[in-house]
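# Descriptive structure summary
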Amino acid sequence: MTKRIFKNTMLIVVLVVILCGVFILGVVYDYYNKELSEGMMSEAKYISKGVEAEGIDYLENLGKTDARVTWVDVDGTVLFDNQADITTMDNHKDREEIKEALTSSAGSSTRYSNTISAKTIYHAVRLSDGTVIRLAHIQASVLRIVLGVLHPMVVIIVFALVLSAFLTARLTRQIIEPLESIDLEHPEEAKVYDEMSPFIRKIIKQNEQIKEAMEEQKSQRKEFELITENMQEGFIVVDKEARILSYNSSVLKLFDMDMDVSGKNVLTLNRTEEFSQGIIDALKGSHNEQILQVGDRFYSIYINPVITEEKVAGAIIIVTDVTETEEREKLRREFTANVSHELKTPLTSISGTAEIIKNGIVATEDIPKFAGNIYSEAQRLVSLVEDIIKLSQLDEEKNIPSKEPVDLYHMSLEVAEQLRKVAVKKNVTIEVEGKSTVVDGVRPVITEMIYNLCDNAVKYNKETGSVIIKVGENQNGKIVSVKDNGIGIPKDQQDRIFERFYRVDKSHSKEIGGTGLGLSIVKHGAKLHNATIDMDSELGKGTQISVKFPC
Ligand code: ADP
């Protein structure tokens, strides 16, 4: 900038100096010629006076003069010339200045002289006798004048240029220095000349606008980060080269990564063909949706193209962990299949037995036995359907009566009474220990839970076994536990017995009875009450299952 101002100013200065030089030269040239003409005129007059007084002698004694002096007769004959031989000179009557002098006492002209081979100024004066004295002087050429004034002019020009350079440099500094001293962050502190005040005001205003815009952008980014960071869903933005521009921490958690993936290709997160194809499709402009399995987890992936000005600029990827939904879906499918199977078995048995009776194959005395068979299978069906209904109610938390104070001890006594008959049949004792312990709960659900636990404790017990129901509370909660010294549950199956229709011994399930849903109902009942279940079981020694209700 400084250099440019200096260069341009100096260019202007040089141009002005050149123009001024030419102009001055023109003026000097003009002035010189005018002075010459006037000098010649007065010299001509002066010589004419001399010739009038002394005739040709005056001219001959004139000596050396700057101008050429010619005396011309009335008829144009050259009478005298101090620089040329008059015998060789032709008649001068036609010369412009002579003609003019003859008619109006004085004349002048400028033309090229053949006699002295140069551009010449002529001045003629008519004498009283009618003859004419003419003075001729070579007109100085511009070049001669230039050469004449060259030395002082060069000195003046050099001086002018040096002075201009010095002043320009100073001026440039004066212009630039305040500009350079402006701190764009704090323009109000700058010491500038008045003309710059509007400029400074504009910078201050623009600074404020930039600051405001930046603040807004910052708060928008913060808001965006806050939203995306608090999202459980993974959020990724990629450019059109599939490089990650932005992502939230959920993405790293979901894809089990712990490094910064900004700027990396999105396939760093997952290299499966489906994911990669999804990204390719989105970057071609189409929406993509897929369920991706990573390890034992399932992710729902939505990939949407980002389109700006009708071109795909990148893609947004939303990742949701749908493992639970997928598992629930799987369980639902399994459940439906199991239910169908469980219902079909007694129904087939009922239908088969009924058909035998219908066909009259059964002897009359055997009919009650067959009818009893139908009845027990129908009973099995009823309790299965009842359990399914209970479970689905608990599952969906629909049609569940409201909570009320329930005494676990009292309820355990009731359940024990209900089961006593069956227990006695199996030679199993049932005892209830503890004291009155009240929880806020859904009465029928808690009854069902205790009943199922006790029913199992009796069912899976040995001859002369025992069942002890303990009710009590500690600082952690109110507990009802059912302990038996029955067959116990193998360690590797203990986790599974709460699954629907899961039975340890499938082959004897029919004789033992039960739907395979008892413990599932206990599990869902516990969930409804925010209760936890603990199990301690040893194969051949017995089982204890406790339900702990929060205080
Ligand atoms: P079921 O109707 O078959 O009893 P449950 O869901 O109540 O179904 O129990 C699932 C399985 O867990 C049973 O089939 C049985 O194998 C096992 N089980 C439950 N309780 C006990 C227990 N107290 N002792 C031994 N095994 C048990």
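Data block above holds the structure.
The structure contained in this document is the topic of the report that follows. Because the structure is predicted, anything quoted here is derived from the model rather than measured.

### Focus on the sheet that holds strand E4 (residues 118-126)
Read across the sheet, 5 strands follow the order E2-E1-E5-E4-E3 without closing on themselves; strand pairing throughout is antiparallel. In the strand order of this sheet, the two ends are held by strand E2 (78-81) and strand E3 (106-113), each with one partner. Strand after strand, the sheet turns through a mean of 20° between neighbouring axes, direction not considered. Taken together, the 5 bridges between strand E1 (residues 68-72) and strand E5 (residues 132-138) define a ladder with antiparallel strand orientation. Residue pairing in the sheet places threonine 70 in a bridge with arginine 134 of E5. Along the sheet, helix H3 (residues 96-104) contacts E1, E3, E4 and E5; its crossing angle with E3, the most-contacted strand, is approximately 175°.

### Things to note about the site of the ligand
Around the ligand, the structure places 19 residues, and the nearest of them are Asn456, Tyr460, Thr515, Gly516 and Leu519. In the environment of the ligand, an oxygen atom lies 2.8 Å from a nitrogen or oxygen atom belonging to the side chain of asparagine 456. Residue arginine 503 places a side-chain N or O atom 3.5 Å away from an oxygen atom belonging to the ligand. Starting from 520 Å² of accessible surface for the ligand in isolation, the protein chains cover 96%. Put simply, the parts of the chain that give the shell around the ligand at least two residues each are helix H11 (443-459) and helix H13 (518-528). For the shell around the ligand, the element with the highest residue contribution is H11, accounting for 3 residues. The class makeup of the residues in the shell around the ligand is 9 nonpolar, 7 polar and 3 charged.

### Structural notes on empty space enclosed by the protein
Any space left empty among the atoms is revealed by the rolling of a water-sized probe across them. Scanning all chains against the criterion turns up 1 cavity of 30 Å³ or more. Its boundaries defined by the atoms lining it, the largest cavity holds a volume of some 30 Å³. Glu342, Pro346, Arg380, Leu381, Leu384, Arg503, Gly514 and Thr515 are the residues that line the largest cavity. Those elements that place two or more of their residues in the lining of the largest cavity are helix H8 (323-358) and helix H9 (367-396).

Reading the values: the criteria
Residues numbered from 1 in each chain as written. Predicted model: local features only at pLDDT ≥ 70, side-chain atom pairs only at ≥ 80, totals over all residues. Heavy atoms only, no water. Pairing = 2+ DSSP bridges. Helix = DSSP H or I, 4+ residues; strand = E, 2+ residues; numbered from the N terminus. Axes fitted to C-alpha atoms, helices over the stretch in contact; angles between N-to-C directions. Contact = heavy atoms within 4.5 Å. Near = heavy atom within 4 Å. Polar contact = N/O pair within 3.5 Å; in protein donor to acceptor, adjacent residues only side chain to side chain. Areas by Shrake-Rupley, 256 points an atom, 1.4 Å probe, with all protein chains shown as cover. Nonpolar A, V, L, I, M, F, W, Y, C, P; charged D, E, K, R; others polar. 1 Å grid on protein atoms, 1.4 Å probe; cavity = no way out; pocket = protein on both sides within 12 Å on 5 of 7 lines; lining within 4 Å. Points joined across faces, edges and corners; volume = space filled by probe spheres on them.

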